Amino acid sequence: MKTKFVNRIATPDTLMRPAPFWSWNDKLDEQELRRQIREMADKGWGSYFMHSRVGLVTGYLSDEWMSLVNACADEAEKTGTHAWLYDEDKWPSGFAGGQVPEKDEAYRSRGLVLVRKGMSGANDTVLCDVTYEGKDYQICKRIAALDNAWFNGASYVDLMSPDAVRAFIDCTHEKYAAACGKHFGKAIPGIFTDEPCYLMNNDYDAPVVPWSEFLPGFFTQMKGYDILDNLPMLFFETGDYQKVRFDFYDVATELFKRSFTKQYYDWCDEHNIVMTGHFMSEDTLSYQTQWSGDVMSHYECMHWPGIDKLCRQVTEIVTVKQVTSVADQLGKERTFCEVFGVSGQQVSFFHRKWIGDWQAALGINFVNHHLSLYSMRGERKRDYPPNFFYQQPWWGDERGFADYQARLCTAATGGNRLVDVLLIQPLTSVWSEYSPLHASNEFAIEDSYDKPFARISKALMEEKMDFHYGNENIMANHGSVDGGALRVGKHSYSCVIMPPSRNLKSSTYALLKEYLKAGGKLIAVGEIPSRIDGAEADVDLTGAIPVDTVAEAISAADAFFPERVRITDQFTGKNASTVFVHSREEDGSIRHLIVNTDEARKVKASVRIPGNATTAVVDLYNGCAYKFDPIGGEFDVILAPAGSLLVVCGEEAKGITEPLPAILESGACFEDFATAIPDLAVEDFDCEPLEENVFLLNDFSLELDGRVAYEGPVCGAWHKHFYPAAEGTPFKATYTFASEIEAEGCFAAIEVAENLDRITFNGAEVRSAKAPGELGAFDPAKSWKDINFTKVHLPKFRKGLNILVIEGRKSNNITGPGCHVRIPDWQQHRPTEAEEVYICGKFQVKQVSDGLYAIAGYEKPRGANLTEEGFPFYCGRAMYSARFELAERASGRTYLKLNEASMANARVKLNGTDIGILRWKPYILDISDVVKQGMNKLEIETSTTLVNAFGPNRHSGIKEVKGIGPHTFPEMSRFSEEYELFDNGFKGVGIFCK
């Protein structure tokens, strides 16, 4: 019998499924858009965000744009998916691709800058003079100029201005409502806002704080005095600056929230669509102060609040906990995360599981993949990789992983989160001290508040004491004392921890005093705050438990919660600190999501779950539920790196009778294979690459207007030579390579080759497989990997040097890393690129010297590591075949284990039957039902990623770089002649008979 929850896990709702940022980044074609939607639906994705990105050619918000949005909504209805809107041309939201700041100077962003006297600029208005420590300064209002390349030659906007926000809504949301409103609340469920902020902090070359024409009047209304009389205290430590700074950021936050977030939310509410998205620089308290004030308070005015968590790391507990705390407290249905981006093309399944499980343990239940590229040509392929889409060799196996992520999100949804600790967020302490003037001041704030706050947060998760943050603005609106507990919205807490803090809001102070009077447990780390609402005060928190360190705070809290999930690392005999637990109660049952957050180390864990209820285990990978009988709630399990386990207790577990297997595909094992010797080793495989080999040409000579402008690696030419060249400039790119053979049947993949004037190979003219300007859906007969990587079939190579030359006229809207300009006559745009070229065919690639390769005769690789076996740039699939003889069929279970695997994934077939797909450690499959006594035929189909072909692969130390974006690729200071390539293969198979 399956319970309601187990049924939800087995067949998750479409809106639980992955929903990528779908990068609309080129001249868009309806046939291709519809095809790509069908690709996403087929691979198990439930939604997509139609997101303008770098390289867009089709007119943003034009009639054609709206027609394509409607076409995608129509295809969503046909495929059972959801087409989400995205509210901006790139990001941050608010400028409508440049339309809003171009309408009226009053809408343009502005800040208060501090300059030396007499150094104000043309866009500055002097508000006051100030002398500090013998130096003369001026504080000026600076209005952004209409010259910012990132904002399409316009500027950012003032989101503290309700009028500017209304103009943005009129330019964007109202247009969507008029053109696509029939789909609202159905095929179009909602809209995403990306990184709005009250100050574009990095747009100013001077110390700056946020400003708006609406701020002085609103400040006086809220605080009762004139901020214009107190501006120096926003920069200098003079007078009662803590009070002024607290008031200033309190007011700026509230004005931003009312003008932007509340107005936006109300519009979405009225139009029956979900508002989701995330705010700029939410990561730390210091960043929030600079960019947006208080992100947690904004979440109150979002239907499905969200964050981003980018790069290849799992360190941002504060970021995640901020959004999941508010969502839990205020009963928000979903918590969104823009995730996986900026981590490199080598990321496929394992890293997504590692990061995805970690964020689910912290409460995220809506996964937004960053990024799925409509087109990979030119700068687009460098748009914060990886690209999670059809261009990847592993894409055909995405479905099973999408199912896993949908189940994971389902497991983190429904019922109530079991949380009994509230950690006060010390943001207002940062407000009262922050000044943009001195970096040392910012770092002091981080040391005083951000770092201990983050350390306590991490320690609580490590010790299995799940918690919420107490944001002072949220507590002011939703806080109360309920018996001996402090309540925030739907949740009450029997233990409150106050990290090092200097200031409290008066509303928080009153709440804590009432809580202590009712017998509540308050642990205060460090000194008791000495300011209320920024002003010096005699703060009395009698009854609080004073501690000096984070460790002491955790120890004090630990004593209050003896009956909680405990997990011991068997190797150390201590708490398994890398294992996080997320517990929920629903319909009389409790479920525990147990996650190993370590990327590299498995954990042999001893787990103790309190209570004595009926217990079952659910494998989130396949949705199967298994009967489980831990003795006294205690059991041992081996969690692979990024391995996870879902344990359900109570009603949800009753009626489940399927016996528990030794291995769960989610990465949990109940038997240890690590020290076991295989009964049979299979090491001799026949390996056959299933696609053409790739020879990468990424050095060239570039002529512009008849003169040699550059010779060297292609990455050095993009932003210094090709993109800056005037439109229409004739160019000629010459690529040379050596071949030891006269290879035939090869082709070159050249980006938008159809728009070039001439292509020659060894002096002979060759032609593109596509006609000039041809669009339409992806056709593998004409394109390689991507719609814009056009095939150009080549005559026979000659032994020795071969020369490929492309000639055309520069036509491109890229202006810098990640930047583009609008194209007025975009319908006639026929772009050209000066990029790497990919020679594809049946050959080997032989390393001649450091950084130098040549084409050689084809030899079948062994497959232990294709990268070192003549396939260094290969980006495709490979088939491994072998036969093994099992002398005697074991009466128990039989398992297969891949040894030293380095690949995106491996699809395993035994005796003609698909067994499963291996995507991460321990790389073990149960083959008992298919293996037979005597001879067995084993086939393993593996996939690579795009990383070795698309790089960056000549960037020194690239394997250790956690964040990879458009600036990484042309970074010549890190250029290396030697290629840094990733391994691809495995070293045999072990067969275990248990």
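*Asks:* Explanation requested: the overall build of the protein chain in the structure shown.
*Replies:* From N to C terminus, the protein chain includes 20 helices and 59 strands. Against the compact-globule benchmark of 30 Å for 994 residues, the protein chain has a radius of gyration of 30 Å, which places it among compact chains. Across its three principal axes, the protein chain shows a C-alpha extent of roughly 85 × 75 × 55 Å. Residues classed as buried in the protein chain amount to 64% of the 994 residues present.

*Asks:* Looking at this model, I keep getting lost on the sheet that holds strand β17 (residues 479-482). Mind explaining?
*Replies:* Overall, antiparallel pairing links the 3 strands, which are arranged β17-β18-β19 in an open sheet. Either end of the sheet is taken by a strand with one partner, and the two such strands are β17 and β19 (491-493). Ignoring strand direction, the axes of neighbouring strands in this sheet form an average angle of 30°. Here β17 pairs with strand β18 (residues 485-488) via 4 bridges, running antiparallel. Within the sheet, the bridge partner assigned to V481 lies in β18 and is L486. Against the sheet, helix α17 (residues 506-517) touches β17, β18 and β19, its axis set at about 10° to β17.

*Asks:* How do you make sense of the sheet that holds strand β55 (residues 905-910) when you look at a structure like this?
*Replies:* Paired through backbone hydrogen bonds, the strands of a sheet run either parallel or antiparallel to each other. A sheet is described by the order of its strands in space; here 5 strands give the open sequence β38-β53-β58-β55-β56, paired in antiparallel fashion. Where the open sheet ends on each side, the last strands, each with one partner, are β38 (686-689) and β56 (913-918). On average, each strand axis in the sheet is inclined to that of its neighbour by 20°, with strand direction left out of account.

*Asks:* Explanation requested: the pairing of strand β30 (residues 603-608) in the structure shown.
*Replies:* Remember that side chains alternate between the two faces of the sheet whenever the strand is regular. Here 4 bridges tie strand β26 (residues 566-569) to β30, and the two strands are oriented antiparallel to one another. Across the sheet, D569 pairs through a bridge with A605, a residue of β30. Both β30 and strand β33 (residues 634-639) contribute to a ladder of 6 bridges, which runs antiparallel. Bridge assignment links K604 to a residue of β33, and that residue is I638.

*Asks:* Whenever I open this one, the packing of aromatic side chains confuses me. Can you help?
*Replies:* Any aromatic ring pair is given by two values, namely how distant the centres are and how the planes are angled relative to each other. Enumeration according to the criterion identifies 75 aromatic pairs in this entry. A ring pair is formed by W22 and W24, whose centres lie 5.6 Å apart and whose planes are at 85°; its orientation type is edge-to-face. For the pair formed by W22 and W24, the shared burial category is buried. The ring of W920 carries K353 above its face, with NZ or CZ at 5.4 Å from the centroid. Just above the ring of W718 sits the side chain of R382; from NZ or CZ to the centre is 3.4 Å.

*Asks:* Sorry if this is basic, but what is going on with the pattern of salt bridges here?
*Replies:* For side chains bearing opposite charge, pairing can occur when the charged atoms are close. Counted by the stated rule, this structure contains 78 salt bridges. With a closest N to O distance of 3.7 Å, D26 and R380 form a salt bridge. Here the residue D26 occupies a position in the loop between β1 (21-24) and α2 (30-42), and R380 occupies one in the loop between β13 (372-373) and α13 (398-411), the gap between them amounting to 354 residues. In this pair, the class of D26 matches that of R380, namely buried. Across the salt bridge formed by R502 and E433, the nearest N and O atoms sit 3.6 Å from each other. Of this pair, R502 sits in the loop between β20 (495-498) and β21 (503-504) while E433 sits in helix α14 (residues 427-433), and the two are 69 residues apart along the sequence. Residue class for E433 comes out buried when judged on its relative accessible area of 15%. Through salt bridges with shared partners, a single ionic network connects E30, R34, R38, D74, E75 and K78.

*Asks:* Which parts of the structure should I look at to understand the nonpolar core?
*Replies:* Note that soluble globular proteins tend to have their nonpolar side chains buried in a common cluster. In terms of nonpolar packing, the biggest core is built from 274 residues, with W22 and I839 touching the most fellow members. It is helix α8 (residues 241-270) that contributes the most residues to this core, 14 residues altogether. Ranked by size, the runner-up nonpolar core spans 28 residues in total, among them L866, L896, A906 and Y923.

*Asks:* Where do I start with the environment of R399 in this structure?
*Replies:* Mapped onto the secondary structure, R399 falls in helix α13. By relative accessible area, which is 35% here, R399 ends up partly exposed. Along the chain, R399 and K43 lie 356 residues apart, while their C-alpha atoms are 4.2 Å from each other. Leaving out residues up to four positions away in the same chain, R399 has contacts with R17, A41, D42, K43 and G44.

*Asks:* For this particular structure, what's the right way to read helix α11 (residues 317-330)?
*Replies:* Residues spaced three or four apart along an α-helix face the same direction, because each turn holds 3.6 residues. In this model, α11 (14 residues) spans 20 Å end to end at C-alpha, consistent with the 20 Å of a helix rising 1.5 Å per residue. With 13 of 14 residues buried, α11 is to be regarded as a mostly interior element.

*Asks:* Would you mind going over the pairing of β56 with me for this structure?
*Replies:* Here β55 runs beside β56; their pairing, made up of 5 bridges, is antiparallel. Bridging from a neighbouring strand, L910 pairs with T913 of β56.

*Asks:* Just to check I follow, could you spell out unusual backbone geometry for this structure?
*Replies:* The peptide bond linking P385 to P386 adopts the cis configuration, its omega dihedral lying at 20°. Position of P386 relative to the elements: it lies in the loop between β13 and α13. Of note in the backbone geometry, N152 takes a positive phi value of approximately 55° without being a glycine. Among the structural elements, N152 can be located in the loop between β6 (135-143) and α5 (162-171). Under the relative-accessibility criterion, N152 is labelled buried at 6%. Of note in the backbone geometry, D705 takes a positive phi value of approximately 55° without being a glycine. Look at D705 and you get exposed, because its relative accessible area is 57%.

*Asks:* Which parts of the structure should I look at to understand the state of the cysteines?
*Replies:* Any covalent bond linking the sulfur atoms of two cysteines counts as a disulfide. Per the stated rule, a full pass over the model turns up 0 disulfides. This cysteine, C128, is not joined by any disulfide, and C140 carries the nearest cysteine sulfur, 8.4 Å off.

*Asks:* It is not clear to me how the packing of α2 against helix α3 (residues 63-79) should be interpreted in this structure. Could you clarify?
*Replies:* The geometry of a pair of packed helices is captured by two quantities: the angle between their axes and the separation between those axes. Contact geometry of α2 with α3 gives a least axis separation of 10 Å together with a crossing angle of 35°. The interaxial crossing formed by α2 with α3 has right-handed handedness. Between α2 and α3, the contacting residues are E30, L33, R34, I37, R38 and A41 on the first element and L68, A71, C72, D74, E75, K78 and T79 on the second. Split by residue class, the contact of α2 with α3 holds 6 nonpolar, 1 polar and 6 charged.

*Asks:* Would you explain the side chain of S47 in this entry?
*Replies:* If you trace the backbone, S47 turns up in strand β2 (residues 47-52). A polar atom in the side chain of S47 sits 3.3 Å from the side chain of W84. Look past the residues within four positions of S47 in its chain and what remains in contact with it is L15, P18, A19, P20, H82 and W84.

*Asks:* I'm lost on α13 in this one. Help?
*Replies:* With 14 residues, α13 should reach 20 Å at 1.5 Å per residue; the first-to-last C-alpha distance of 20 Å fits that figure. Counting buried positions over the 14 residues of α13 gives 12, a clear majority of the element. Looking only at α13, the buried set comprises E398, F401, A402, D403, Y404, Q405, A406, R407, L408, C409, T410 and A411. Structurally, α13 contributes buried residues whose contacts are with α1 (4-10), α12 (350-361), β12 (366-369), β28 (579-586), β29 (589-596) and β34 (644-650).

Here is what the cut-offs are and how they apply
- Residues numbered from 1 in each chain as written.
- Predicted model: local features only at pLDDT ≥ 70, side-chain atom pairs only at ≥ 80, totals over all residues.
- Heavy atoms only, no water.
- Helix = DSSP H or I, 4+ residues; strand = E, 2+ residues; numbered from the N terminus.
- Rg over C-alpha atoms; globule rule 2.2 N^0.38 Å.
- Buried < 20%, exposed > 50% of the residue type's maximum accessible area, 1.4 Å probe, protein only.
- Pairing = 2+ DSSP bridges.
- Axes fitted to C-alpha atoms, helices over the stretch in contact; angles between N-to-C directions.
- Contact = heavy atoms within 4.5 Å.
- Phe/Tyr/Trp six-rings, centres within 6.5 Å; stacked < 30°, edge-to-face > 60°.
- Lys NZ or Arg CZ within 6 Å of the ring centre and 35° of its normal.
- Salt bridge = Lys/Arg side-chain N within 4 Å of Asp/Glu carboxyl O.
- Core = buried A, V, L, I, M, F, W, Y, C linked by side-chain atoms within 4.5 Å.
- Expected span 1.5 Å × (residues − 1).
- Disulfide = S-S within 2.5 Å.
- Left-handed = near helix turned anticlockwise from the far one by under 90°.
- Nonpolar A, V, L, I, M, F, W, Y, C, P; charged D, E, K, R; others polar.
- Polar contact = N/O pair within 3.5 Å; in protein donor to acceptor, adjacent residues only side chain to side chain.

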